[in-house]
Amino acid sequence: MIIDKKRTAMYEQCHERKKALDKKMALVRGALMIPPLAVAAMSLLSMFMHLFRGTLAAVSMANQWGFVDVPPSVTLLIRLISGAALTIFAACLTVFRTPAVMKYRIPILISGIIVGVLLSLLVLTKETIFIAVYSAVAIPVSSLNEKLFKEDEEMSRLDGYPHFNPLLIRHTETPYETRVVSTNDMTPDERIMYERGWGKGDEDRR
């Protein structure tokens, strides 16, 4: 096996470029997914805590001692729905790369800003502000995500994608050297082995 040094260097450069590209895509993915996912998770945890507290109060008959269980508010439901919806949107944009979501991401995010502002005018809460702010910030971040995705798509056409391992390169364009071997100096056993082809392969690979 002959290793092409130029091709090896090219693979190593592509490997470093792909590693840097993956790191940028991971940062963008985290910036889009972590905030709404955290909001949805905290909202779901709060709802479970309300349910557990109400069940515990009913079992222990704490209501007879003056305990009042406050039901979950509407804002908690808004927080859960908005966090789940934005998490699904971010996943479709970064993980699943859904074509429809990537194509209409700007109108979707602008709609999110409008909905967040309108809800803030009706019920000014941190949940409604989060929808508007997240949608506004997600516009440039999603544009960067699309740029990185196109760069990754261009690299996918290169040989060796996505690992670009130079150890797997085999240069087959340069012919192997051939050498004329004389059988006069061989013993009868060596001549028989060579004529049967057991030694030709070793000579051809030299």
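Just above, that's the structure.
In short, a report on the structure. (Residues numbered from 1 in each chain as written. Predicted model: local features only at pLDDT ≥ 70, side-chain atom pairs only at ≥ 80, totals over all residues. Heavy atoms only, no water.)

1. Some details on helix α4 (residues 105–122)
Here's step 1: The end-to-end C-alpha distance of α4 is 26 Å, a good match for the 26 Å that 18 residues give at a rise of 1.5 Å each.
Here's step 2: Along α4, the residues classified as buried are R105, L109, G112, G116 and S120. Here the buried residues of α4 occupy an arc of 60° about the axis, which is enough to place them on one side. Residues of α4 that are exposed and angled more than 90 degrees away from the buried face: L121 and L122.
Here's step 3: Those residues of α4 hidden inside the fold are in contact with α2 (74–94), α3 (99–103) and α5 (126–155). (Helix = DSSP H or I, 4+ residues; strand = E, 2+ residues; numbered from the N terminus. Expected span 1.5 Å × (residues − 1). Buried < 20%, exposed > 50% of the residue type's maximum accessible area, 1.4 Å probe, protein only. Arc of directions from axis to C-beta. Contact = heavy atoms within 4.5 Å.)

2. Description of the packing of α2 against α5
Here's step 1: One way to put it is that α2 packs onto α5 with a least axis distance of 10 Å and a crossing angle of 5°. Taken together, the axis directions place α2 and α5 in an arrangement best described as roughly parallel. From α2, T75, I78, R79, S82, L86, A90, L93 and T94 reach across to α5, where they touch K126, E127, F130, I131, Y134, S142 and N145.
Here's step 2: Taken together, the residues of the contact of α2 with α5 break down into seven nonpolar, five polar and three charged. (Axes fitted to C-alpha atoms, helices over the stretch in contact; angles between N-to-C directions. Parallel < 35°, antiparallel > 145°, perpendicular 65-115°, else oblique. Nonpolar A, V, L, I, M, F, W, Y, C, P; charged D, E, K, R; others polar.)

3. Description of the environment of H15
Here's step 1: Mapped onto the secondary structure, H15 falls in helix α1 (residues 5–59).
Here's step 2: Classification of H15 as partly exposed rests on a relative accessible area of 33%.
Here's step 3: Sequence separation of H15 and Y161 is 146 residues, and the distance between their C-alpha atoms is 8.6 Å.
Here's step 4: Aside from chain neighbours lying at most four places away, what touches H15 is H163 and F164.

4. Some details on the packing of aromatic side chains
Here's step 1: Enumeration according to the criterion identifies three aromatic pairs in this entry.
Here's step 2: Ring centres of Y161 and F164 lie 6.2 Å apart, and the angle between their planes is 80°; on these two criteria the pair is classed as edge-to-face.
Here's step 3: Judged by relative accessible area, which is 1%, F164 ranks as buried.
Here's step 4: A connected cluster of aromatic rings, assembled from ring pairs, spans Y11, Y161 and F164. (Phe/Tyr/Trp six-rings, centres within 6.5 Å; stacked < 30°, edge-to-face > 60°.)

5. As for the environment of N145
Here's step 1: Among the structural elements, N145 can be located in helix α5.
Here's step 2: The buried category is assigned to N145, whose relative accessible area is 5%.
Here's step 3: On a C-alpha basis, the gap between N145 and V28 in space is 6.3 Å, while along the polypeptide they are 117 residues apart.

6. So, the pattern of salt bridges
Here's step 1: Considering all chains together, one arrives at eight salt bridges under this definition.
Here's step 2: With a closest N to O distance of 3.7 Å, K19 and E16 form a salt bridge. Of the two residues, K19 and E16 are both situated in helix α1; the distance of three residues between them amounts to about one turn of the helix.
Here's step 3: Judged by relative accessible area, which is 45%, K19 ranks as partly exposed.
Here's step 4: A relative accessible area of 44% means that E16 is categorised as partly exposed.
Here's step 5: Residues R97 and D152 are paired through a salt bridge, measuring 3.7 Å at the closest nitrogen-oxygen approach. One end of the pair, R97, is in the loop between α2 and α3; the other, D152, is in helix α5, with 55 residues separating them in the sequence.
Here's step 6: The class for R97 is partly exposed, based on a relative accessible area of 28%.
Here's step 7: Accessibility expressed as a relative area gives 5% for D152, which makes it buried. (Salt bridge = Lys/Arg side-chain N within 4 Å of Asp/Glu carboxyl O.)

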